[in-house]
Amino acid sequence: MERLEEKLKILADAAKYDVSCSSSGSKRKNTGGIGDASHSGICHTYTEDGRCVSLLKILLTNHCIYDCAFCVSRRSNDIQRAAFTVEEVVQLTMNFYRRNYIEGLFLSSGIFKNADYTMERLLRIAKKLRTEERYNGYIHLKTIPGASEELIQQAGLYVDRMSINLELPTDEGLKLVAPEKDHDSVRKPLAFVNDKLKQYKDEKKSLKHIPSFVPAGQSTQMVIGATPENDYQIMQVADDFYTNYNLKRVYYSGYIPIANTDSLLPQIGTKPPLVRENRLYQTDWLMRFYGFKIHEILNPEFQNLDLEIDPKLSWALRHPQLFPIDINTADYWTIIRIPGVGRQSAMKIIQARKFGKLREYQLKKMGIAYNRARHFMICADSLITLGDIKMEHVRRHILQGTPRNQPSVTQLSLF
């Protein structure tokens, strides 16, 4: 028992660097066994730097045949090594679940021996939980790059979500610090699972009983700040993966410096680029839910995000010709482009103006960040328009309104 606890401590700590642990989207229902992922989802905890950590979140092993310079589990790193057996992971998951410590399993692994050897063990864990323990809770499984399609397809029948880490945004960056890896070994499994998802969806139209296959979809993760890619390159990669592989999420993980002798990497003492990480997430959100195209936010003339202000505000300040927007006549997709106005607030505005023209006092009650939004819109009782104000003055005025105990480089709300 003491040895199992020691393994858990080592392998849970090693798993904290993987941030792609989302749980939304599952539709797996309880069929008489234990757990239900379709309603309760998964519990989360938050680290000091704001990262979301799902429980039970562990590695099968931190032994690895690869020597990626940015990874704490690389083979040349002098760390404590451990490996769970298949039975130990199943036992931990069920015991933690019965004690109400967790509502799901996030399982990744270092690669020992080869990709198929590791993937086969991950598959056995998921299959054993589903078929022998009758566990219906949430399972997020990491696909092992280079694993055979047969193993990936079988695993997809037992898990809710699969993900595979892209590691670095570009092939050039990957070759710089992880020359043993390549992006093709990531793209191929993503494409295979995406094709299978489409196949199962088509079969459901003509067949009554079709097994559930990766119902919560796929995701990937990129390490940010370990190699010199700019934000435009990073978001181009994300846009490509959303378009071609229908991913649910792309995660951006700020590089956390670890003990290393590689001069190509940021050295110990360098802080993780958490503000940049937040800006990338905000840009990702704008592209997925606000109708923005990548070239509107980032392009060859504007390759890096402004760390002082959120990307929507940055875009608005660079496009004064599009403002002010008349809140009483503009459509939904135009209104949500106003800095300080989120999707829910935009819907409230659309609904409320059916009963008459909206005025300043009404907008303030709708949950918008009015002190920011007022520079970019007009309502029924507006006295001035944006044309009377220079954009550099608007930026300065908004930044001056940041609370004194809060640095201006912290994340600004999109809502």
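Just so you know, the residues in each chain are numbered from 1, in the order the chain's sequence is written. With pLDDT at 70 or above as the cut-off, local features in this predicted model cover only qualifying residues; side-chain atom pairs require 80 or more to be listed or tallied, and sums for whole chains, interfaces and linings still use all residues. To obtain the side-chain values, all non-hydrogen atoms of the structure were included, while hydrogens and water were left out.

As recorded in an unreviewed UniProt entry, the protein chain goes by the name Putative DNA modification/repair radical SAM protein, listed as coming from Sphingobacterium yanglingense.

A. Highlighting the nonpolar core. Among the nonpolar cores identified, the biggest contains 56 residues, and Leu-363 and Phe-376 are the most heavily contacted of them. Runs of H or I in DSSP of at least four residues are treated as helices and runs of E of at least two as strands, each being numbered from the N terminus. With eight residues, the single largest contributor to this core is helix 7 (residues 231-245). All domain edges in this entry derive from an automatic or database-based domain assignment. Counting residues domain by domain, this core receives three or more from each of domain 1 (1-21 + 39-297) and domain 2 (317-401). Beyond its immediate stretch of four places on either side in the chain, Leu-363 contacts Ile-327, Ile-349, Leu-358, Ile-368, Tyr-370, Met-377 and Cys-379. Throughout this description, the term nonpolar core refers to a set of buried Ala, Val, Leu, Ile, Met, Phe, Trp, Tyr and Cys residues connected via side-chain atoms within 4.5 Å. Only protein chains enter the area calculation, which uses a 1.4 Å probe; residues under 20% of their type maximum are buried, those over 50% are exposed, and those in between are partly exposed. Residue contacts are counted whenever heavy atoms from the two residues lie within 4.5 Å of one another.

B. Fine view of the pairing of strand 4 (residues 104-108). A large share of strand 4 lies buried, amounting to five of its five residues. Both faces of strand 4 are covered, namely the face carrying Gly-104, Phe-106 and Ser-108 and the face carrying Leu-105 and Leu-107. As paired elements, strand 3 (residues 57-59) and strand 4 share three bridges and run parallel to each other. Opposite Leu-59, over in strand 4, you have Ser-108 as the bridge partner. Call a crossover right-handed when, viewed with both strands pointing away from you, the route from the first strand across the helix to the second goes clockwise. Considered for its hand, the β-α-β crossover made up of strand 3, helix 2 (residues 86-98) and strand 4 is right-handed. Bridge count for strand 4 against strand 5 (residues 138-142) is four bridges, and the pairing is parallel. Directly across from Leu-105, in strand 5, lies its bridge partner Ile-139. DSSP bridges decide pairing: two strands pair if at least two such bridges lie between them.

C. Representation of the side chain of Thr-93 in the model. With respect to the helices and strands, the residue Thr-93 is situated in helix 2. According to the relative accessible area criterion, Thr-93 is buried, its value standing at 0%. Distance and chemistry together define a polar contact, namely a pair of N or O atoms within 3.5 Å, with one atom able to donate a hydrogen and the other to accept it when in protein, and with adjacent residues in sequence counting only for side-chain atoms on both sides. Within the structure, the side chain of Thr-93 is placed 2.8 Å from the backbone oxygen of Val-89, a separation counted as a polar contact. Not counting the four nearest positions on each side in its chain, Thr-93 is found in contact with Leu-56, Ile-102, Leu-105, Leu-129 and Tyr-135.

D. Main features of helix 15 (residues 391-400). Those residues of helix 15 that sit buried are Met-391, Val-394, Ile-398 and Leu-399. Relative to the axis of helix 15, the buried residues are bounded by an arc of 125° and lie together on one face. Tucked into the core, helix 15 has its buried residues touching helix 10 (311-317) and helix 14 (370-373). Summarising the geometry, the arc corresponds to the directions from the helix axis toward the C-beta atoms.

E. Representation of the sheet that holds strand 3. Pairing is parallel across the open sheet formed by six strands, whose spatial order is 3-4-5-6-7-8. Strands with a single pairing partner mark the edges of an open sheet, and in this sheet they are strand 3 and strand 8 (249-254). Shown here is a sheet whose adjacent strand axes are inclined to one another by a mean of 20°, direction ignored. With two bridges joining them, strand 6 (residues 161-163) and strand 7 (residues 218-224) adopt parallel strand pairing. Within strand 7, the position partnered with Ser-163 by the bridge is Ser-219. The axes used here are C-alpha line fits, helices contributing only the stretch in contact, and every angle between their N-to-C directions lies in the interval 0 to 180 degrees.

F. The arrangement of the packing of helix 3 (residues 115-131) against helix 4 (residues 149-156) in detail. It is the contact of helix 3 with helix 4, at a shortest axis distance of 10 Å, that shows an interaxial angle of 15°. Between helix 3 and helix 4, the interaxial angle falls into the category roughly parallel. Helix-helix and strand crossings are classified by hand; for helix 3 and helix 4 the assignment is left-handed. Of the residues in helix 4, those in contact with Asp-116, Met-119, Glu-120 and Leu-123 of helix 3 are Leu-151, Ile-152, Gln-154 and Ala-155. For this classification, Asp, Glu, Lys and Arg are treated as charged, while Ala, Val, Leu, Ile, Met, Phe, Trp, Tyr, Cys and Pro are nonpolar and the rest, including Gly, are polar. Looking at the contact of helix 3 with helix 4, its residues break down into five nonpolar, one polar and two charged. Any angle that falls under 35 degrees is termed roughly parallel, while one over 145 is termed roughly antiparallel, one within 65 to 115 roughly perpendicular, and all others oblique. Should the near helix be turned anticlockwise from the far one by less than a right angle, the crossing is left-handed, and should it be turned clockwise, the crossing is right-handed.

G. Broad picture of the environment of Gly-110. Counting through the fold element by element, Gly-110 comes out in the loop between strand 4 and helix 3. Sequence separation between Gly-110 and Leu-60 is 50 residues, and the spatial gap between their C-alpha atoms is 7.3 Å. When residues no more than four places from it in sequence are discounted, the contact partners of Gly-110 are Thr-61, His-63, Cys-64 and Thr-118.

H. Representation of the side chain of Lys-196 within the structure. Structurally, Lys-196 is set in helix 6 (residues 184-204). The side chain of Lys-196 is buried and forms no salt bridge, while Glu-203, the nearest opposite charge, is found at 7.2 Å. Once residues within four sequence positions are removed from consideration, Lys-196 is found in contact with Gln-153 and Phe-213. His is not counted, nor are the chain ends, whereas Lys and Arg count as positive and Asp and Glu as negative. Any carboxyl oxygen of Asp or Glu that lies within 4 Å of a side-chain nitrogen of Lys or Arg is treated as forming a salt bridge with it.

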